[in-house]
Amino acid sequence: MAKTSELYNSVVVSTRIRLARNFADYPFPNHLKDVKAAREIVKLVAAGLSHTETFDLFYMNSISDEKAAFLKERNLISQDLLGHRSIAAALVSRDESISVMINEEDHIREQYFMRGFDLRAVYERIVGIDEIISECIPFAYDDALGYLTACPTNLGTGLRASAMLFLPALTRRNLMRRIIPELTRKGLVVRGAFGEGSGTEGELCQISNEVTLGISEDEILEVVEQMVKTIVEFELRERERMLAEEEIALTDRILRAYGTLTNCMRIDLKEFMVKMADVKLGVALGILGGDIPALDDLIVDMRPANINRLNGSLLNQAEQDVYRAEYAGKALRGMELLTTKERNALQARSEHCTGGI
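Not measured: the values here are computed from a predicted model.

J.: Which residues make up the sheet that holds strand β8 (residues 159-166), and what values do they have?
T.: Spatially, β2-β3-β4-β5-β1-β8-β10-β9 is the arrangement adopted by the eight strands of the open sheet, whose pairing is antiparallel. The two strands at the open ends of the sheet, each matched to only one other strand, are β2 (55-59) and β9 (188-191). Strand-to-strand twist across the sheet, computed as the mean angle between neighbouring axes with direction ignored, equals 20°. As paired strands, β2 and strand β3 (residues 89-93) are joined by five bridges and run antiparallel to one another. Looking across to β3, one finds that aspartate 56 is bridged to valine 92.

This is how it looks when you write it as structure tokens:
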């Protein structure tokens with residue numbers, strides 16, 4: 001039986017805290033027409049954070065569309081940031097755990113990512129970044145309303161606490177409909193893997209708070225933490241039921257997915273995500289061996305802009321499908337996901353079908 005932490009990490013892909021902030025002495029980005037002032041903000045923030053760790057600075061009007069797509073696929077920048085290219089920039093830590101978007105909807109969108117689930121640790125880390133930035137330029141703050149933001153939905157704490165969850169059992173059994181009303185009642189929301197407006201893929205969804213005003217940071221962390229734990233436990237119970245009730249069909253689907261991914265000549269992103277969800281579930285259930293974080297890394301690497309970066313040149317969609325099949329197949333074979341039990345079972349079936357020849 002897997003350890004509790006391993007079971008939780010088979011559901012929670014990552015934790016993220018995001019803070020929205022604006023500076024008192026500058027117009028909000030939607031009214032910031034002075035490019036010189038916008039660059040001043042970027043330089044002040046970059047200078048302040050240069051004493052913490054190494055960041056790469058990207059000006060949105062200086063990077064290629066392909067580089068922008070690469071950063072977006074890795075959740076390091078948003079579409080809204082790209083909408084303000086003339087004044088926007090991003091600071092990204094070398095390990096990609098920290099991203100500070102500058103002059104997006106707000107002057108600052110600070111975010112910190114971590115594998116697994118630990119909201120408190122992530123919050124403490126991003127607060128350290130927040131304090132450093134506040135020492136560079138005073139934040140726009142009101143004693144009654146809290147941090148002032150461009151959109152009223154971020155007013156108050158400006159805090160979004162979220163967890164990315166892998167929920168194949170709840171998704172396939174159509175049980176998310178039971179969860180959503182309770183999330184809404186507690187001021188939480190479900191979004192796709194790329195946040196607001198994005199659809200679900202790979203049976204991933206993002207749970208985060210929607211309410212930021214009239215509630216403290218600690219209260220936000222507490223409600224998200226408790227609800228995520230509830231969902232994780234629900235998902236784990238349903239996985240056990242699904243395996244008990246559908247073991248042969250489920251194992252067949254997982255092995256077919258593995259077989260396709262390790263033997264196909266080409267595969268598009270949509271089919272790849274479906275098959276990878278099956279393989280991840282196989283690892284989570286112990287039908288396959290392997291490491292789920294390594295599979296999550298492979299999923300990110302096989303997105304279009306990431307493929308182009310790995311390849312070193314631009315590929316069209318058909319070429320990407322061929323590259324994805326070859327790269328992912330080799331990577332999965334190298335992970336040795338087939339357990340001894342499954343390898344022996346496949347060998348026995350093969351010998352049975354060929355009459356032992």
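J.: Any chance you could break down the packing of aromatic side chains for me, citing the residues and the numbers?
T.: Under the counting rule described, the total for this entry stands at four aromatic pairs. Ring geometry for tyrosine 141 versus tyrosine 147: centroids 5.0 Å apart, planes at 75°, classification edge-to-face. Given the relative accessible area of 49%, tyrosine 141 is considered partly exposed. Ring centres 5.8 Å apart and planes at 15° place the aromatic pair tyrosine 323 and tyrosine 327 in the stacked group. In this pair, tyrosine 323 and tyrosine 327 are both assigned in helix α12 (residues 317-335), four residues apart and thus about one turn of the helix distant. Residue classification places tyrosine 327 among the partly exposed residues on the basis of a relative accessible area of 31%. Ring-pair connections join several aromatic residues into one group, and the members of that group are Phe23, Phe139, Tyr141 and Tyr147. In this structure, arginine 39 is placed above the aromatic ring of tyrosine 59, and the distance from its NZ or CZ to the ring centre is 4.1 Å.

J.: Account for the side chain of arginine 18, naming residues and giving values.
T.: Looking at the element boundaries, arginine 18 is found in strand β1 (residues 12-21). One buried charged side chain, arginine 18, makes no salt bridge at all; its nearest oppositely charged neighbour is aspartate 106, positioned 6.0 Å away. A polar side-chain atom of arginine 18 sits 2.9 Å from a polar atom in the side chain of asparagine 154. Apart from the residues within four sequence positions on either side, arginine 18 is in contact with Arg109, Glu110, Gln111, Asn154, Gly158, Leu159 and Arg160.

What counts, and where the lines are drawn
- Residues numbered from 1 in each chain as written.
- Predicted model: local features only at pLDDT ≥ 70, side-chain atom pairs only at ≥ 80, totals over all residues.
- Heavy atoms only, no water.
- Pairing = 2+ DSSP bridges.
- Helix = DSSP H or I, 4+ residues; strand = E, 2+ residues; numbered from the N terminus.
- Axes fitted to C-alpha atoms, helices over the stretch in contact; angles between N-to-C directions.
- Phe/Tyr/Trp six-rings, centres within 6.5 Å; stacked < 30°, edge-to-face > 60°.
- Buried < 20%, exposed > 50% of the residue type's maximum accessible area, 1.4 Å probe, protein only.
- Lys NZ or Arg CZ within 6 Å of the ring centre and 35° of its normal.
- Lys, Arg positive; Asp, Glu negative; His and termini not counted.
- Salt bridge = Lys/Arg side-chain N within 4 Å of Asp/Glu carboxyl O.
- Polar contact = N/O pair within 3.5 Å; in protein donor to acceptor, adjacent residues only side chain to side chain.
- Contact = heavy atoms within 4.5 Å.

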